[in-house]
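# A structural walkthrough
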Amino acid sequence: MAAFLKEIEKFYGTKEKNRQGEDLETFLEHYDPRKYETPSCTTDAVIFSITGELLEVNQLKVLLVRRSNHPSIGFWALPGGFAEMRENLEDTARRELEEETGVKDLPLEQFAVYGDYDRDPRTRVITTAYLSLVNEQDITVRAGDDAADAAWCSLCLKEKEVHTGEVSRKVWQLHVSNEEKGLDTRAEVEETCREGLIRERKFQVLTGGEIAVDHAAIIVQAMCILADRLLEKR
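Reading the values: the criteria
- Residues numbered from 1 in each chain as written.
- Predicted model: local features only at pLDDT ≥ 70, side-chain atom pairs only at ≥ 80, totals over all residues.
- Heavy atoms only, no water.
- Helix = DSSP H or I, 4+ residues; strand = E, 2+ residues; numbered from the N terminus.
- Buried < 20%, exposed > 50% of the residue type's maximum accessible area, 1.4 Å probe, protein only.
- Core = buried A, V, L, I, M, F, W, Y, C linked by side-chain atoms within 4.5 Å.
- Contact = heavy atoms within 4.5 Å.
- Phe/Tyr/Trp six-rings, centres within 6.5 Å; stacked < 30°, edge-to-face > 60°.
- Lys NZ or Arg CZ within 6 Å of the ring centre and 35° of its normal.

### Focus on the overall build of the protein
Summing up its helical and strand segments, the protein has 3 helices and 10 strands in all. Each helix (α) and strand (β) of the protein, taken in turn from the N terminus, gives the series α-β-β-β-β-α-β-β-β-β-β-β-α. When the backbone C-alpha atoms are referred to their principal axes, the protein occupies close to 65 × 45 × 35 Å. The proportion of buried residues among the 234 residues of the protein is 40%.

Printed below as a string of structure tokens:
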């Protein structure tokens, strides 16, 4: 089988042969990528908008698309999709964002990976989440690709429960709405956090409302990141 890449010089290492007596070219010729089951990779983009100065995260709106196909058909989701084999993840995020909403040329910050094995019924799908913040008046949104609709949706995030200890636990209630589109839904997201030199932080959907898959958790995590940064600025 031919090597996946045309240029392989940077992968020679010390140029010695492996235990089977193969150099790199021979190893790649015999390598079968189908030997192991491999997950699919996607990206999802949390695009927040603001009008005026951002003082707290409940001023934000988020750009969502209404899914026109399975899974989660009819639900609202973050713009995103599958990475192509010869495409960097940032390029996937930008391409999918433009294809589904018409929005392009935004700075994107990678902030999370969501990879629970049961997050998609089609196959094992691992998604990388990106974040951006724009002025709403600067962006024109139009639905495209497999999106039935695309719209800015208002957000309200509140703490519902807080439990402290070695592992702290919060339950966040997320209200997502757009009166014009008939969207008025609530989700609950659990945040668990282990503090220390190594910090373990996870966001998980308890109830998703009309927000697809685990996208409510991704939105809440992005809002928490911005909330922390706003506190740092004060």
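Text resumes after the structure shown.
### Some thoughts on the nonpolar core
Counting residues in each nonpolar core, the largest one holds 38 residues, and the members touching the most others are Val46, Phe48, Leu64, Phe111, Leu155 and Leu174. Within the residue set of this core, elements represented by two or more residues are strand S1 (40–50), strand S2 (61–67), strand S5 (109–114), strand S6 (125–135), strand S7 (147–163), strand S8 (167–178), strand S9 (183–194) and helix H3 (215–233). Per element, the largest residue contribution to this core is 11 residues, and it comes from H3. Apart from residues no more than four positions distant in its own chain, Val46 is found in contact with Val62, Leu78, Phe111, Tyr130, Leu131, Ser132, Ile218 and Ala222.

### Examining unusual backbone geometry
Here the amide bond leading from His70 into Pro71 is cis, since omega sits at -5°, within 30 degrees of zero. Tracing the backbone shows Pro71 in the loop between S2 and strand S3 (76–77). Positive phi values are uncommon outside glycine, yet Ser72 reaches one of about 60°. Residue position: Ser72 is located in the loop between S2 and S3.

### Details of the packing of aromatic side chains
As enumerated under the stated definition, the model contains 1 aromatic pair in all. Ring centres of Phe27 and Tyr31 lie 5.7 Å apart, and the angle between their planes is 40°; on these two criteria the pair is classed as tilted. The class for Tyr31 is partly exposed, based on a relative accessible area of 37%. Stacked on the ring of Tyr12, the Lys or Arg Lys15 has its end atom at 5.6 Å from the ring centre.

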